[in-house]
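Here's the letter readout for the chains.
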Amino acid sequence: MSRKALIAANWKMFKTPAEARAFVEAFLPLVAGHERDEIALFPSPVLLPTVVEAVKGSKVAAGAQNIHFAEEGAFTGETSVGQLKAVGGTHTLIGHSERRQYFGETDEIVNKKLHTALKHGVVPIVCIGEVLAEREAGKTAEVLKTQVTGAFAGITAEAAGPIVIAYEPVWAIGTGKTATPEIAIDAHKIIRAEVARLLGVEVAAAMRILYGGSVKPDNCTSLIGQEEIDGALVGGASLKPDSFAAIVKY
Ligand code: PGA
């Protein structure tokens, strides 16, 4: 089965509205007519209206780096899925390792957010991945299976269609250390097998699994070019239009 790749830019806590607009103005001409892959930008929530406006008329999507699982309420500092949709966001990251590491997000919270995103028709990119100590202890498969099982609790095969997974080994994020294609392929196969166990082989075969962690123009082809790797979630190298465009065109 052929899966359309998704190349996603995670801008983290970078850029002002003016910088975001300048990025899009420079980036769109670089990817004009590029149909092979889907492209999505994930700016901070305060930049989203600017980015949505700037990408209008192109096929580039915009989404949030995080949503709350509640539809609304007294949750200071959070963004709801309804707010995301109201400003034109169509996608959201869920459970990025920085959310897990610095903001205490657990598999249970990830699961609640996944239910909320699906209920409201927002495309969720569920981020999972092992830390270095887990890899060195030979626990990578166990960690990935636990994260997939936890994230997917109560999700049915019928509802799972829009879900995208991003495999991001934590030791590769922002470190310049990229997983080899072999390491990434191995992890993706473990993840796909776990999805198959939970939701059936058809759902698993159709689900996109992205790789993330120090993806750069000079290593993207060897990763995204693999049959098992259905795109990339890019942090540092997504901040400059030319480098992100080079990755889109892997
Ligand atoms: P990086 O970040 O490309 O800078 O390693 C990836 C991510 O955190 O999604």
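A brief look at the structure comes next.

**Regarding the overall build of the chain**
Move 1: Looking only at helices and strands, the chain has eleven helices and eight strands in total.
Move 2: Radius of gyration (C-alpha) of the chain: 17 Å, near the 18 Å computed for a compact globule of 250 residues.
Move 3: For the C-alpha atoms alone, the extent of the chain along its principal axes is close to 45 × 45 × 35 Å.
Move 4: For the chain, with 250 residues in total, the buried portion stands at 52%.
Move 5: Here the analysis covers contacts within the chain between residues at least 6 apart in sequence; of these, 73% occur between residues at least 24 apart.

**Brief notes about the pairing of strand β2 (residues 38–42)**
Two faces, one strand: in a regular strand the side chains alternate between the faces of the sheet.
Move 1: Summarising burial for β2: four of the five residues are buried, a large majority.
Move 2: Here five bridges tie strand β1 (residues 6–10) to β2, and the two strands are oriented parallel to one another. Looking at the pairing, N10 lines up with F42 of β2.
Move 3: Assessed by its sense of winding, the connection that carries the chain from β1 through helix α1 (residues 17–30) to β2 is right-handed.
Move 4: Across two bridges, the pairing between β2 and strand β3 (residues 61–64) is parallel. Bridge pairing in β3 links A40 to A61.
Move 5: Running through helix α2 (residues 48–55), the crossover from β2 to the neighbouring parallel element β3 is right-handed.

**Brief notes about the packing of α1 against α2**
To characterise two packed helices, one gives the angle between the axes of the helices and the distance between these axes.
Move 1: Closest axis-to-axis distance for the α1/α2 pair is 9 Å, and the angle between their directions is 20 degrees. What the angle tells us is that α1 and α2 run roughly parallel. The crossing of α1 and α2 is right-handed. For the pair α1 and α2, the contacting residues are P17, A20, R21, V24 and L28 in the first and T50, V51, E53, A54 and V55 in the second.
Move 2: Partitioning the contact of α1 with α2 into residue classes produces seven nonpolar, one polar and two charged.

**Describing the side chain of N10**
Move 1: For N10, the position within the fold is in strand β1.
Move 2: A residue is classified by how much of its surface remains accessible, and N10, at 4% relative accessible area, is buried.
Move 3: In terms of polar contacts, N10 uses its side chain to reach the side chain of H96, at 3.4 Å.

**Some points on the packing of helix α5 (residues 107–119) against helix α7 (residues 140–151)**
Move 1: Taken N-terminus to C-terminus, the directions of α5 and α7 make an angle of 40 degrees; their axes are 7 Å apart at the nearest point. The angle between α5 and α7 places the two elements in the oblique class. Once α5 is placed against α7, the crossing between them reads as right-handed. Contacts between α5 and α7 involve D107, V110, N111 and L114 from the first element and T146, Q147, G150 and A151 from the second.
Move 2: Considered class by class, the residues forming the contact of α5 with α7 number three nonpolar, four polar and one charged.

**Description of the site of the ligand**
Move 1: Among the 13 residues in the neighbourhood of the ligand, the closest are listed as K12, H96, E168, G174 and S214.
Move 2: Contact distances for the ligand include 2.7 Å between an oxygen atom and a backbone N or O atom of S214.
Move 3: In the model, an oxygen atom of the ligand is placed 2.9 Å from a nitrogen or oxygen of the G235 main chain.
Move 4: When the residues that make up the shell around the ligand are grouped by side-chain class, the tally is four nonpolar, seven polar and two charged.

**What to know about the packing of aromatic side chains**
Move 1: In total, this model carries four aromatic pairs according to the counting rule given.
Move 2: With a centroid separation of 4.8 Å and 70 degrees between ring planes, the pair formed by W11 and F23 is classed as edge-to-face. Residue W11 is located in the loop between β1 and α1, and its partner F23 is located in helix α1; the two are separated by twelve residues in the primary sequence.
Move 3: The lysine or arginine in question, R36, covers the ring of Y250, its NZ or CZ lying 3.9 Å from the ring centre.
Move 4: The ring of F69 has K112 sitting right over it, with the charged end atom 4.4 Å from the ring centre.

**A few points about α1**
Move 1: With 14 residues, α1 should cover 20 Å at 1.5 Å per step; its first-to-last C-alpha distance of 20 Å lies within 8% of that length.
Move 2: Inspection of α1 places A20, F23, V24 and F27 among the buried residues, and these make up the whole buried set. Buried residues along α1 cover an arc of 100 degrees about the axis, so they all sit on one side. Among the exposed residues of α1, those pointing more than 90 degrees away from its buried face are A18, E25 and P29.
Move 3: On its buried face, α1 is in contact with β2, α2 and α11 (241–248).

Cut-offs applied
- Residues numbered from 1 in each chain as written.
- Predicted model: local features only at pLDDT ≥ 70, side-chain atom pairs only at ≥ 80, totals over all residues.
- Heavy atoms only, no water.
- Helix = DSSP H or I, 4+ residues; strand = E, 2+ residues; numbered from the N terminus.
- Rg over C-alpha atoms; globule rule 2.2 N^0.38 Å.
- Buried < 20%, exposed > 50% of the residue type's maximum accessible area, 1.4 Å probe, protein only.
- Contact = heavy atoms within 4.5 Å.
- Pairing = 2+ DSSP bridges.
- Right-handed = clockwise from strand over helix to strand, strands pointing away.
- Axes fitted to C-alpha atoms, helices over the stretch in contact; angles between N-to-C directions.
- Parallel < 35°, antiparallel > 145°, perpendicular 65-115°, else oblique.
- Left-handed = near helix turned anticlockwise from the far one by under 90°.
- Nonpolar A, V, L, I, M, F, W, Y, C, P; charged D, E, K, R; others polar.
- Polar contact = N/O pair within 3.5 Å; in protein donor to acceptor, adjacent residues only side chain to side chain.
- Near = heavy atom within 4 Å.
- Phe/Tyr/Trp six-rings, centres within 6.5 Å; stacked < 30°, edge-to-face > 60°.
- Lys NZ or Arg CZ within 6 Å of the ring centre and 35° of its normal.
- Expected span 1.5 Å × (residues − 1).
- Arc of directions from axis to C-beta.

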